[in-house]
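# Topology and contacts: notes
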Amino acid sequence: MQAVAMHKLRVRTKDQVLTHYGNGKLACVRCGFGDVRALSIDHIHGKNNMEGRPRHYAASQFYRWLISEGYPAGYQTLCMNCQWIKRFEQGEHSRKDQLFATDPGNRPAESCPKLII
Ligand SMILES: [Zn+2]
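This section reports on the structure supplied with the text. Worth saying up front: this structure is predicted, and the values here are computed from it rather than measured.

### Quick word on the overall build of the chain
Counting its secondary structure elements, the chain contains four helices and two strands. Put simply, the chain runs from its N terminus to its C terminus through helices and strands in the order α-β-α-β-α-α. When the 117 residues of the chain are sorted by exposure, 14% land in the buried category. Taking the intrachain contacts of the chain between residues at least 6 apart in sequence as the baseline, contacts between residues at least 24 apart amount to 60%.

### Observations regarding the environment of aspartate 42
Within the element layout of this structure, aspartate 42 appears in strand S1 (residues 39–43). Sequence-wise, aspartate 42 and methionine 80 are 38 residues apart; in three dimensions their C-alpha atoms are separated by 9.5 Å. Discounting residues that sit within four places of it in the chain, aspartate 42 has contacts with Tyr75, Gln76, Leu78, Gln83 and Lys86.

### Regarding the environment of isoleucine 67
Relative to the helices and strands, isoleucine 67 resides in helix H2 (residues 59–68). Taking C-alpha positions, isoleucine 67 is 8.6 Å from threonine 13, a pair spaced 54 residues apart along the chain.

### Comments concerning the nonpolar core
The biggest cluster of nonpolar side chains holds twelve residues, and these are Val17, Leu18, Tyr21, Ala27, Cys28, Leu39, Ile41, Tyr63, Leu66, Leu78, Cys79 and Cys82. When residues of this core are traced back to their parent elements, those giving at least two are helix H1 (3–21), S1, H2 and strand S2 (75–79). In terms of residue count, H1 provides more of this core than any other element does, three residues in total. If near-sequence neighbours (up to four positions away) are discounted, tyrosine 63 is found in contact with Thr13, Lys14 and Val17.

### As for the environment of aspartate 35
When you line up the elements, aspartate 35 lands in the loop between H1 and S1. Here the alpha-carbon distance between aspartate 35 and cysteine 79, two residues 44 residues apart in the chain, equals 8.3 Å.

### Some points on H1
An ideal rise of 1.5 Å per residue puts 27 Å on 19 residues; H1 measures up with 27 Å between its terminal C-alpha atoms. Every buried residue of H1 is accounted for by Lys14, Val17, Leu18 and Tyr21. Angular distribution of buried residues about the axis of H1 spans 95°; they occupy a single face of the element. Turned more than 90 degrees off the buried face of H1, the exposed positions are Val4, Ala5, Lys8 and Arg12. In the core, the buried residues of H1 are packed alongside S1, H2 and S2. Asparagine 23, located one to two residues past H1, shows a positive phi value of around 60°.

Calculation rules
- Residues numbered from 1 in each chain as written.
- Predicted model: local features only at pLDDT ≥ 70, side-chain atom pairs only at ≥ 80, totals over all residues.
- Helix = DSSP H or I, 4+ residues; strand = E, 2+ residues; numbered from the N terminus.
- Buried ≥ 20, exposed ≤ 12 C-beta atoms within 10 Å, placed from the backbone.
- Contact = placed C-beta atoms within 7 Å.
- Core = buried A, V, L, I, M, F, W, Y, C linked by C-beta atoms within 7 Å.
- Expected span 1.5 Å × (residues − 1).
- Arc of directions from axis to C-beta.

Printed below as a string of structure tokens:
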């Protein structure tokens, strides 16, 4: 398959998966943001709760796996802003993120007060 055709197939697959996990819309389920360039699949219960899910090194592999598995539960479409906010709200952020957020020169936003030590 030619490169252009492969690219179109990957875009179609991504749109299909994001729409499914966007509850029928190609948009973030939290805020409704709809620019596909900033949308991705979020693991609802965090990346530490993905038993049975093989590791994928490319998003396109992950999208194909979701389709092949019949769209398993536990995923949702979020925009990158909502992904980051959720990470902090649910303590999914890394130690590095926490240090960055608590650095006096980089105070966290009002939505993340629990991170201030
Ligand atoms: Zn959002």
